[in-house]
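Residues per chain, in single letters:
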Amino acid sequence: MHNLIIVSGPSGSGKSTLIRKLLAVCPELRFSVSHTTRPARENEVNGRDYHFVSRRVFQKMRLRREFAEWAEVHGQLYGTSWRELRGKSNRNRTLVLDIDVQGARSIKRRFSQAMAIFVVPPSLAELKRRLRQREKKWSPETEHRLQKALNEIRGYKLYDYLIVNQDLKKAFAELRCLQVAFGRQMARNEEQIKKLLRGRK
Ligand code: ADP
Ligand code: 5GP
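Here we summarise the structure given alongside this text. This is a predicted model, so every value here is computed, not measured. (Residues numbered from 1 in each chain as written. Chains lettered and ligands numbered in written order. Predicted model: local features only at pLDDT ≥ 70, side-chain atom pairs only at ≥ 80, totals over all residues. Heavy atoms only, no water.)

Across all of its chains, the model carries 10 salt bridges by this definition. E44 serves as the salt-bridge partner of R38, at 2.8 Å between the closest nitrogen and oxygen. Residue class for R38 comes out buried when judged on its relative accessible area of 7%. One connected set of salt bridges, linked through shared partners, spans R38, R41 and E44. (Salt bridge = Lys/Arg side-chain N within 4 Å of Asp/Glu carboxyl O. Buried < 20%, exposed > 50% of the residue type's maximum accessible area, 1.4 Å probe, protein only.)

In structure tokens:
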């Protein structure tokens, strides 16, 4: 069974920062490394943050049905491969997916037991500040990301939980609580009960 935690939110809301912190304290979690046609940012590593591929390679994979879901976001292609889902998620493994609203919708449709968390900034002004800080200079692409934020926020109903990432420490504590609660859901722990009952004989 797949244990999937989806984390979405407008670009710049702090998803990657929060996920990175979560993975650092939970070695049992695995990050689902997406494929993308967008160029790598300064601090990103191929194979760790994304599999950076050309449009041609991405389209080939898409035609071979190698993606569990894929979407065009900010003019670039992004996709979660079946290989990533199958290779890293088994009964005892939980996989964290950083995907957009379209991807979250597809994954929820296929894996209804996936937990979906929506991360938002405290305000649009703060979102703008964070995007500027990350991108260093304001480009048309950054402007596009800001414009898209409102559209993405309108997709909030799909999600099970909301985190307002104002204070990073508090937002991280909330994410950690959700992840622990997810792991304690009865459906994922029946084996423990069965073991207890077996011991009675
Ligand atoms: P996303 O993955 O959602 O696009 P990032 O994690 O890259 O966003 O964060 C965007 C920028 O905002 C980064 O420079 C990051 O350091 C900063 N950031 C993230 N969370 C906070 C926060 N709570 N307060 C201030 N800055 C933050
Ligand atoms: P960024 O370029 O800032 O890393 O990501 C842009 C957007 O693409 C974010 O909303 C991120 O969640 C989303 N994204 C990243 N990987 C995938 C993926 O595999 N599928 C989908 N649908 N969206 C993704």
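Within the structure, ligand 2 sits among 18 residues, and S34, R38, Y50, Y78 and D98 are positioned closest to it. Take R41: an N or O atom from its side chain is 2.9 Å from an oxygen atom of ligand 2. In this structure, a nitrogen atom belonging to ligand 2 sits 2.8 Å away from a side-chain N or O atom of D100. In the complex, the protein chains occlude 97% of the 510 Å² of accessible area that ligand 2 would expose alone. At the level of elements, β5 (67-73) and β6 (76-81) are the ones that each hand at least two residues to the shell around ligand 2. Broken down by class, the residue content of the shell around ligand 2 amounts to 5 nonpolar, 6 polar and 7 charged. (Near = heavy atom within 4 Å. Polar contact = N/O pair within 3.5 Å; in protein donor to acceptor, adjacent residues only side chain to side chain. Areas by Shrake-Rupley, 256 points an atom, 1.4 Å probe, with all protein chains shown as cover. Helix = DSSP H or I, 4+ residues; strand = E, 2+ residues; numbered from the N terminus. Nonpolar A, V, L, I, M, F, W, Y, C, P; charged D, E, K, R; others polar.)

With that out of the way, let us pick up the packing of helix α1 (residues 15-25) against helix α7 (residues 168-183). Their axes nearest at 10 Å, the elements α1 and α7 cross at an angle of 55°. As judged from the angle between their axes, α1 and α7 are oblique. At the point where α1 passes α7, the crossing takes the right-handed sense. Here α1 contributes T17, L18, I19, K21, L22 and V25 to the contact with α7, which in turn contributes L168, A171, F172, L175, R176 and Q179. Across the contact of α1 with α7, the residue classes break down as 8 nonpolar, 2 polar and 2 charged. (Axes fitted to C-alpha atoms, helices over the stretch in contact; angles between N-to-C directions. Parallel < 35°, antiparallel > 145°, perpendicular 65-115°, else oblique. Left-handed = near helix turned anticlockwise from the far one by under 90°. Contact = heavy atoms within 4.5 Å.)

Coordinates in, geometry out; function isn't part of it.
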